[in-house]
Structure formats: structure tokens, C-alpha cells
Protein chains: 2
Amino acid sequence: MATHSQKDAYLYKKVITIGTVCELTGLSERQIRYYEKRKLIFPERTERGNRKYSFSDVEMLMDIANKMEDGMQTSELRKEMQKKESKRYDNKLKERMIRGQLNAYFNKRD
Amino acid sequence: MATHSQKDAYLYKKVITIGTVCELTGLSERQIRYYEKRKLIFPERTERGNRKYSFSDVEMLMDIANKMEDGMQTSELRKEMQKKESKRYDNKLKERMIRGQLNAYFNKRD
DNA sequence: CGTGTAAGGAATTCTGACACG
DNA sequence: CGTGTAAGGAATTCTGACACG
């Protein structure tokens, strides 16, 4: 699941409450919760149900805020996200295929 | 004031509430507040007065917890910290002196 | 010395809804 | 569609103090 290195541990750790995210991004709680409903961000929850965000989420929210200002809609943002995700997936697939060819090559030598 | 690079920005940003710090460190609120009173950690405060910690603070607390388990006292920990700080200060001073000598050298050449 | 706890108050967060558009 | 707001409840955090040792 970890698509990032150990080094980025703090970037993805979900530890920030919504109030702090508001301060960091300048967005309202309402907006932040709405972007979650539109599947643009994915905070974790405490047992009680309080949202926890990562610095990565905060960066994403800044990005969202800019694009919303430019008139983009959440549905478009969502599509854009999925494109990037499938690109990442494609790269993984390619890597896997290349490894497969190498394995086939070495298997022939055996 | 920044003794760290841009890269560590998220390491020093004070964004974590005490409850989350408890979860991350396994310490009680009482303990965490006490170590602050003993000047071992320095959280920031929101306008209202709520404490905010950084990942760096969390790391320090883990360190403190280990040493307390080993029977060390907060006063000793404090001394240890100050030694490290003064060592950092000494290094800065040395650097400054070396630069001074170099400047003196180049000034002579002029 | 270091930590647990009960006390009371103030701020935080949550959800679902009404509103405008 | 995206966001503001009032509503009511539940969990969070704060401080100062009593307690044990």
C-alpha cells in the first residue's frame, strides 16, 4: 500500500484535526467536509469519529482550492485525480511486465 | 531561527493536538503536560490555549519516555538537552571564528 | 518527583437540515 | 453546485488542586 518511502512518513501520517486544516488552508470546515464527500480527500477517523488529515491532504486541499477558484468543478477534479491514479497504475503494470520479460530471459538461461 | 532545511518543514510544524500525541507516544496527557512544565518540550498554543505539537516533539517525547523508563529524572534530561544546545552553539561559534580568520587572511592580502 | 484523578468550564467536532441558486 | 448557518449532542482540552510517596 505504501507508494512512498520511509522518508515521507510524516507527509502521509493522518494526525491533523479539521480546525488546524482550516488554518493551514484558509478553507472552511464546510468546504473541507464537502470535498471529502466528493471523494477528493480521504481523512481517517478517530474511534469517536473525528477526522484526521495528513500534510499530504493539506497540500491536496491547497491544490483543490486553487482549481476551484479557477472555476473547475469537483467532478472535473475527481476525473483528473483518477487519470493520475490510473497513470500510476499503468506504470506499475509496465514495471511488472518488464520484470516478467527479464524473468523469462533468465529462466531460459537456466 | 531555522536550524533545519526546507525539507524538514513538516517535521517542525506544530499541528498535532495532545490527544493524538498521546496515541502516537503512549503517554498520558498528564505526563506530556508535565514534561512541558519541566521545559523538555515546547508546544505552541492556539488562540484559545490548546497545545499544538510537531512530529519533532513527538520524537522527543519518545526519547524522554525511554529515558524515564531507565530511571532518568527530568532535571537530568534537561541538563542533557542544554549540553546538546550549547554544543550546537559552540559549533556555530567555531564556524564564526573560522570565517573570521579567513576574513582576516583575505583582508591582509588586500 | 512523577503521575493519577475528579471538577467545572470553554472550545471543538460531528451530523442532518434549511437556504440560496 | 458549492457553501453558509443555526441546532443539539458528544468528545476534547484546559487549569488548579488533592493525593500518594
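Residues numbered from 1 in each chain as written. Chains lettered and ligands numbered in written order. Predicted model: local features only at pLDDT ≥ 70, side-chain atom pairs only at ≥ 80, totals over all residues. Heavy atoms only, no water.

Caption draft 1: Molecular detail of the interface of chain B and chain A. Listed per partner, the contact involves 14 residues of chain B and 14 residues of chain A. Carbon and sulfur atoms supply 63% of the area buried between chain B and chain A, which totals about 1200 Å² over both sides. It is Tyr10, Val15 and Phe55 of chain B in chain B that bury the most area against chain A; as a group they hold 48% of the surface buried on that side. There are zero salt bridges connecting chain B and chain A. Put simply, chain B and chain A have four residue pairs in polar contact (both at pLDDT 80 or more) between them. Among the secondary structure elements, those contributing two or more residues to the side of chain B that touches chain A are helix H1 (9–12), helix H2 (18–25) and helix H4 (55–69) of chain B. (Contact = heavy atoms within 4.5 Å. Buried area = accessible area lost by both parts, 1.4 Å probe. Salt bridge = Lys/Arg side-chain N within 4 Å of Asp/Glu carboxyl O. Polar contact = N/O pair within 3.5 Å; in protein donor to acceptor, adjacent residues only side chain to side chain. Helix = DSSP H or I, 4+ residues; strand = E, 2+ residues; numbered from the N terminus.)

Caption draft 2: Main features of the domain arrangement of chain A. All names here are of chain A. According to the domain assignment, chain A consists of domain 1 (1–72) and domain 2 (73–109). Across the contact, 13 residues belong to domain 1 and nine residues belong to domain 2. For the pair domain 1 and domain 2, the summed buried surface comes to about 950 Å²; carbon and sulfur atoms form 68% of the total. Our count for the contact surface shared by domain 1 and domain 2 stands at one salt bridge. Residues Lys67 and Glu80 are paired through a salt bridge, measuring 2.8 Å at the closest nitrogen-oxygen approach. Elements with a contribution of two residues or more to the side of domain 1 that touches domain 2: helix H3 (29–37) and helix H4 (55–69). Looking at the side of domain 1 that touches domain 2, the element that brings in the most residues is H4, giving four residues. Considered class by class, the residues forming the side of domain 1 that touches domain 2 number eight nonpolar, two polar and three charged. (Domains from an automatic or database assignment. Nonpolar A, V, L, I, M, F, W, Y, C, P; charged D, E, K, R; others polar.)

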